[in-house]
Amino acid sequence: MKLYFKKIIVFICLLFCNQVFGKEIESTTYIIEVGKINIGILNWQASTLNNKYEVKIWLKDKGFISGLYRFRGEYSSEGSVEGGVFLPLVYNQFWSTKKKEKVIKIDFDNNLLKELTVLPKEKEPARVSYHGIEGYTDPLTSFLKIIQGKRIAKTIDGRRMYKMVVEEIKKSEDTLIKKILIKNYINIWADHNKNDLNYIEVYQSSDEKNELMPEIIKIKFKGVVFSLSKN
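Below, the structure is looked at part by part. Note that the structure is a prediction, hence the values are computed from the model and not measured.

**Considerations on the overall build of the chain**
Then step 1. Assigned secondary structure in the chain consists of two helices and 13 strands.
Then step 2. With 231 residues in all, the chain has 49% of them scored as buried.
Then step 3. Looking at the chain alone, contacts between residues at least 24 apart form 48% of all its contacts between residues at least 6 apart.
Then step 4. Accessible area for the chain stands at about 11,800 Å²; split by element, carbon and sulfur atoms hold 48% of it.

Encoded structure:
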């Protein structure tokens, strides 16, 4: 379970940036489950006003998992909206367990990656050149682009670079199911580029008048399905 959480947490975080155009603040809480076991809780907040956007996510262990593996995470992204396009300015990520804490900060400028800070500092040299890369956004902003209608979003989360790709969209009664794959996955600080994420499915209402946040998120990782549902 520990290994699953260390790798999957980024993909959980990128799922909670739904259609927030012109919204002051929306807040939703999700329960994270594996099978019928409640392992955590996640709170999402987002706003887009005056051509600016901000997304914040908090998550924490809960239930049975708390006795085995304590964790806490905080993630945020803010930037501008220009011509309907989301352009990030700064992305922050904090992850804490009983044994360690990790901090990542990414600064962007005019659609370019300006600076990447990782604490504790990586001992290994970067395997790829990331300073000044163009067109890459943080995971939260990338998912905003996907929801906005983009089929592909180039993403960097401070440890990995990859593309979010919408493979298919299905409709079942009044529900839209979007299947998202992670492609061209590269580790920045390690030689291997193995990606154990099978797919992500987003279940949301097909009626635009209904609530905008997805009802259910399913993440299949190493054959295990993580389910996130509204509390």
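Here the narrative resumes, following the displayed structure.
**Considering a nonpolar patch on the surface**
Then step 1. Side chains of Ile-37, Phe-64 and Leu-68 sit close together on the surface and give an oily, nonpolar patch of about 330 Å² of accessible area.
Then step 2. Positionally, Phe-64 belongs in the loop between strand E3 (52-61) and strand E4 (71-82).
Then step 3. With a relative accessible area of 57%, Phe-64 lands in the exposed category.

**What to know about the pattern of salt bridges**
Then step 1. Applying the stated criterion across every chain, the model contains nine salt bridges.
Then step 2. For Lys-60, the salt bridge identified is with Asp-61, shortest N-O distance 3.9 Å.
Then step 3. For Lys-60, a relative accessible area of 41% translates into the label partly exposed.
Then step 4. Overlapping salt bridges, with partners in common, bring together Lys-60, Asp-61 and Arg-70 in one network.

**Some thoughts on helix H2 (residues 139-148)**
Then step 1. H2 sits mainly inside the fold: nine of its ten residues count as buried.
Then step 2. Within H2, the full set of buried residues consists of Pro-139, Leu-140, Thr-141, Ser-142, Phe-143, Leu-144, Lys-145, Ile-146 and Ile-147.
Then step 3. N-capping of H2 is provided by Asp-138, with a side-chain oxygen placed 3.0 Å from the backbone N of Leu-140.

**A few points about the packing of aromatic side chains**
Then step 1. By the definition in use, this model includes four aromatic pairs.
Then step 2. Between Tyr-53 and Phe-86, the ring centres sit 5.1 Å apart and the planes meet at 80°, which makes this aromatic pair edge-to-face. Here the residue Tyr-53 occupies a position in strand E3, and Phe-86 occupies one in strand E5 (residues 85-97), the gap between them amounting to 33 residues. Both residues of the pair, Tyr-53 and Phe-86, count as buried.
Then step 3. In this structure, Lys-179 packs its charged tip against the face of Tyr-199, placed 4.6 Å from the ring centre.

**Details of the pairing of strand E2 (residues 37-49)**
Then step 1. With ten bridges connecting them, E2 and E3 associate as antiparallel partners. Within E3, the position partnered with Gly-40 by the bridge is Asp-61.
Then step 2. The antiparallel hairpin formed by E2 and E3 contains two residues in its connecting segment, where Asn-50 sits at a positive phi of about 55°.

**Brief notes about the environment of Lys-102**
Then step 1. Within the element layout of this structure, Lys-102 appears in strand E6 (residues 101-109).
Then step 2. Judged by its relative accessible area of 28%, Lys-102 falls in the partly exposed class.
Then step 3. Along the chain, Lys-102 and Lys-121 lie 19 residues apart, while their C-alpha atoms are 9.4 Å from each other.
Then step 4. The contact partners of Lys-102, leaving out residues within four places of it in the chain, are Gln-93, Phe-94, Trp-95, Leu-119, Pro-120 and Arg-159.

**Some thoughts on the environment of Trp-189**
Then step 1. Here Trp-189 lies in the loop between strand E10 (175-187) and strand E11 (197-205).
Then step 2. Judged by relative accessible area, Trp-189 falls into the buried class, the value being 15%.
Then step 3. Counting along the chain gives 66 residues from Trp-189 to Lys-123, while the straight-line C-alpha distance between them is 8.7 Å.
Then step 4. The contacts of Trp-189, once residues within four sequence positions are left out, are Leu-116, Val-118, Glu-122, Glu-124, Pro-125, Ala-126, Arg-127, Tyr-130, Gly-158 and Arg-159.

The rules behind these values
Residues numbered from 1 in each chain as written. Predicted model: local features only at pLDDT ≥ 70, side-chain atom pairs only at ≥ 80, totals over all residues. Heavy atoms only, no water. Helix = DSSP H or I, 4+ residues; strand = E, 2+ residues; numbered from the N terminus. Buried < 20%, exposed > 50% of the residue type's maximum accessible area, 1.4 Å probe, protein only. Contact = heavy atoms within 4.5 Å. Areas by Shrake-Rupley, 256 points an atom, 1.4 Å probe, with all protein chains shown as cover. Patch = residues over 30% accessible without salt bridge, like charges linked within 9 Å, V, L, I, M, F, W, Y side chains within 5 Å. Salt bridge = Lys/Arg side-chain N within 4 Å of Asp/Glu carboxyl O. Polar contact = N/O pair within 3.5 Å; in protein donor to acceptor, adjacent residues only side chain to side chain. Phe/Tyr/Trp six-rings, centres within 6.5 Å; stacked < 30°, edge-to-face > 60°. Lys NZ or Arg CZ within 6 Å of the ring centre and 35° of its normal. Pairing = 2+ DSSP bridges.

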